Amino acid sequence: MAGLLSLAATLPLQAANETVAAAEPQHQQQDGIEARLQNLLAQMSTQEKIGQLALRDWGTFGASDMKAIKQAIREGRVGGFLNVSFSAVDDEAFAELQRIAVEESPLGIPLLFGQDVIHGYETIFPIPLGQAASWNPELIKNGARVAAQEASADGIRWTFAPMIDISRDPRWGRIAETLGEDPLLTSVLGVAMVEGFQTANLADPSSLAACGKHFAGYGAAEGGRDYNSAYIPERLLRDIYLPPFKAGIDAGMQSIMSTYSTLNDVPGTGSPFLFKQILRDEWGFDGFVVSDWNAVMEMVPHGFARDAKHAATLAANAGIDMEMHTDTYEQFFPQLMDEGKFSETQLDTAVANILRVKLRLDLWSTPYPRAKSKAERKQIIRNDQFLSAAKEAAKETFVLLKNDKQLLPLKKGQTVAVIGPLAEAAHEQLGTWIYNGDKKYSHTLLPALREMVGDEGEILYAAGLDYSRDTRTRGFKSALKAARKADVILFVGGEEAILSGEGHSRGDIRLPGAQADLVAALAETGRPLAMVLLAGRPLQLDDTLEQADAVMMAWHPGTMAGPALADVLYGETSPSGRLPLSWPVGAGQIPIYYNHLATGRPPTDDNYTRIEKIGREVFQHQPGNSSNLLDYGHKPLFPFGYGLTYSAFEYKDLALSDTTLNADGQITVSATLTNTGKTTATETAQLYVRDLVGSVSRPVRELKGFERITLNPGESRLVQFTLSPDQLAFHNADMRQVVEPGEFRVWIAPNAESGLEGGFTLK
């Protein structure tokens, strides 16, 4: 689609061991792989086949387990490991375990090593939700490529990413791992991540097989409580929650992970509807499906399986090929096959799905870690190019939410008081899911600021609070003393890394601890106050938003957080991030998302009365009757797609190539974008449509395209999008994907609540 996105210049990345795809046509490669896997299947015993389905968690074993583990590998009873690491238990474990598999097991089938390489391996990039704020697929592809090159150096060839769950609930801890609330944005960015991990050639020794998770609907867990129930009507499932998975599979994603949650009362791990009907029959997926960690056995407490044997039966017959961590397949498959509850044919299919991916990765040719020595590993891990890429990525993720009186960027001649529990937090800046991340390699904010100003200004520092949840006020005195000496206060707060991620949901999403009190005290000094937030989710800001003159959301930015923030805070780069979700006023407004339905009584700014303005003992209907919250209103605090820069942009002259879109045609929607400010900056122009009348109610807006555009002061450019009828398709009440004729509105806009509006008719 023209205008869907613009690709930034590719960052310079180490091209270690990049290989060229085989010269023969792809169908010939696939035919060769299928012949090889059938040959392997013909030679395998039932025990060896079942062994390929076993994904063991190295992290659960100790020294006393080593003899038994190695013997299991020799006997072909293990297909792969997750969470292998160099340790005192078994130094250089990747190579040793693989050596046993390829040299001592009956058929020499290599192990597949997987890990949660979510937003970096040792060079940590911003959390995925932060990366999504870049709206830059090339940035995300580059980040995944860095992670793949580092992880493959140790022998990892499979990552449990991208997480492409749609989520509309910031209380959910795992929203930090998502790419936001929109199916198009998540699809585009998820595909970019797959391409970065896998490369164009899976046989490249530096590639990782990607794994889309969690299938499906995990992001809709009730109340934002992790592992909980999800209720999603099938039409909504197909139009909102499934498209990113389909896009990933179309891009060649090799594996899928099941969800922990139930979907409409059926645990995802036991759902034939998901894995057989949709994934295999409808989409033709030919990779493999892995359960999430312990998810097979968790069908017992879900009340769906009676015991371990029943859980194995349900998971296997639902289409789960590989069992992560637990061993119910190994325990019960022989018995289930004797009882006719699982067949040899089904077993062969599951094994073939796994072997197919191992063959595509060419593990037989390159089974061992890509780094052949510690010296070679040192040249790969955290090298200068990777650190530079992480810094550039972080800079594009920061979202400027407020900037009254143009307080930002800071000026080098100023005295700046840096205050807050996350101003110098080497571990916390890395964020959630960092198995190999190490705070001792973090480049933090305080030294970066001091390096930035040099002799031209002064940086004072007083934390005020020891950590984000600290409720003690003993540090306020020194913080206020520093603040009164400063020209500008820079408060850096938010959430520690542990407050987001798996199992870490929050009902109260306000600033934790005594941070709000500290901000209020700082505001009372009368000094200009800029606030930088580090967090894995949007936070309820309450009075702090008004107390601060400028607010920047930095997410958890990773290894290079400090230098990246210093560059943006001092205007070396204008902030360009845009929100990948709707930022709520407060937790009571959740779920809130831009592509909602209008309801029968749509709210407007003037058709109801806010709670503070309602008179006493008034008539029931006097405050108005529309779909709103009296205390929070009907709009988010900041809309989807929102973000400021240090410049200003003007949208004008919306034009449509035609006002009629034919069933076999397309129309072009364009507008002129001008940088009316004084600074070079990047704007993300967004295309939205609304189907005014449908056979089912349609959202008030839907994102259909976006483009990042960098303009110099005074520069103008035509931004142009092409719309075709297939982009207007949706699932009707009969679950058929349809394109219905009718009237549509269209916007080119800076966010989901504004923009230039036009219209067209679909014939």
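Residues numbered from 1 in each chain as written. Predicted model: local features only at pLDDT ≥ 70, side-chain atom pairs only at ≥ 80, totals over all residues. Heavy atoms only, no water.

The next subject is the confidence of the model for the protein. On average, residues of the protein score 95 in pLDDT, and 96% of them are at 70 or above. Confidence over residues 1-23 falls short of pLDDT 50; this stretch has 66 contacts with residues more than four positions distant or in other chains. (pLDDT = per-residue confidence, 0-100. Contact = heavy atoms within 4.5 Å.)

A word on the packing of helix α8 (residues 234-241) against helix α9 (residues 243-250). With their axes 5 Å apart at the nearest point, α8 and α9 run at an angle of 50 degrees to one another. Of the possible angle classes, the one that applies to α8 and α9 is oblique. Contact residues: α8 offers Leu-237, Arg-238, Asp-239, Ile-240 and Tyr-241, while α9 offers Pro-243, Pro-244 and Phe-245. For the contact of α8 with α9, the class distribution of residues is six nonpolar, no polar and two charged. (Axes fitted to C-alpha atoms, helices over the stretch in contact; angles between N-to-C directions. Helix = DSSP H or I, 4+ residues; strand = E, 2+ residues; numbered from the N terminus. Parallel < 35°, antiparallel > 145°, perpendicular 65-115°, else oblique. Nonpolar A, V, L, I, M, F, W, Y, C, P; charged D, E, K, R; others polar.)

Applying the stated criterion across every chain yields a total of 21 aromatic pairs. Relative to Phe-640, the ring of Tyr-594 has its centre 4.5 Å away and its plane inclined at 15 degrees; by these criteria the two rings are stacked. Residue Tyr-594 is found in the loop between α20 (561-569) and β17 (649-656), and its partner Phe-640 is found in the loop between α20 and β17; the two are separated by 46 residues along the sequence. Looking at Tyr-594, the relative accessible area reads 7%, which means it is buried. With centroids separated by 5.2 Å and ring planes inclined at 20 degrees, the aromatic side chains of Phe-638 and Tyr-642 adopt a geometry described as stacked. On the basis of relative accessible area, Phe-638 is assigned to the buried category, the value being 7%. Each member of the aromatic cluster is reached from another via a ring pair, and the members are Trp-135, Tyr-594, Phe-640, Tyr-688 and Phe-706. Taking NZ or CZ as reference, Arg-36 lies 5.7 Å from the ring centre of Trp-364, over its face. (Phe/Tyr/Trp six-rings, centres within 6.5 Å; stacked < 30°, edge-to-face > 60°. Buried < 20%, exposed > 50% of the residue type's maximum accessible area, 1.4 Å probe, protein only. Lys NZ or Arg CZ within 6 Å of the ring centre and 35° of its normal.)

Further remarks concern the side chain of Glu-181. Along the polypeptide, Glu-181 turns up in the loop between β4 (158-159) and α7 (183-198). The side chain of Glu-181 is buried and forms no salt bridge, while Arg-168, the nearest opposite charge, is found at 6.5 Å. Reaching out from Glu-181, the side chain makes a polar contact with the backbone nitrogen of Ser-582 at a distance of 2.8 Å. (Lys, Arg positive; Asp, Glu negative; His and termini not counted. Salt bridge = Lys/Arg side-chain N within 4 Å of Asp/Glu carboxyl O. Polar contact = N/O pair within 3.5 Å; in protein donor to acceptor, adjacent residues only side chain to side chain.)

In this model helix α6 (residues 137-154) runs 26 Å from its N-terminal to its C-terminal C-alpha over 18 residues, within 8% of the 26 Å that 1.5 Å per residue would give. Burial runs high along α6: 17 of the 18 residues are buried. Its side-chain oxygen 3.1 Å from the backbone nitrogen of Glu-138, Asn-136 forms the N-cap of α6. Immediately beyond the C-terminal end of α6, within one or two residues, lies Gly-155, with a positive phi of roughly 110 degrees. (Expected span 1.5 Å × (residues − 1).)

Sheet strands pair by backbone hydrogen bonding; their relative direction is either parallel or antiparallel. Spatial strand order, β17-β19-β22: three strands in an open sheet with antiparallel pairing. One side of each edge strand has no neighbouring strand; the edge strands of this open sheet are β17 and β22 (716-723). Mean inter-strand twist for the sheet, computed between neighbouring axes without regard to direction, equals 20 degrees. (Pairing = 2+ DSSP bridges.)

Looking now at unusual backbone geometry. Residue His-214 is reached from Lys-213 by a cis peptide bond, and omega for that bond is 0 degrees. When you line up the elements, His-214 lands in strand β5 (residues 211-215). A cis geometry characterises the amide bond from Ile-590 onward to Pro-591, with omega recorded as 0 degrees. One non-glycine residue, Asn-83, lies in the positive phi region at around 65 degrees. Following the sequence through the fold, Asn-83 ends up in the loop between β2 (80-82) and α4 (93-104). The backbone of Thr-599 shows a phi angle near 70 degrees, a positive value even though the residue is not glycine. With respect to the secondary-structure elements, Thr-599 resides in the loop between α20 and β17.

The next thing to look at is the environment of Ile-509. Mapped onto the elements, Ile-509 comes out in the loop between β14 (488-494) and α18 (515-523). Of the residues examined, Ile-509 reaches a relative accessible area of 0% and is grouped as buried. In this structure, the C-alpha to C-alpha distance between Ile-509 and Ser-207, residues 302 residues apart in sequence, is 38 Å. Apart from residues lying up to four places away in sequence, Ile-509 is in contact with Pro-170, Arg-171, Arg-537, Pro-538, Leu-539, Gln-540, Pro-584, Ala-587 and Ile-590.

With that settled, consider the side chain of Gln-686. Positionally, Gln-686 belongs in strand β20 (residues 681-691). On the basis of relative accessible area, Gln-686 is assigned to the buried category, the value being 0%.

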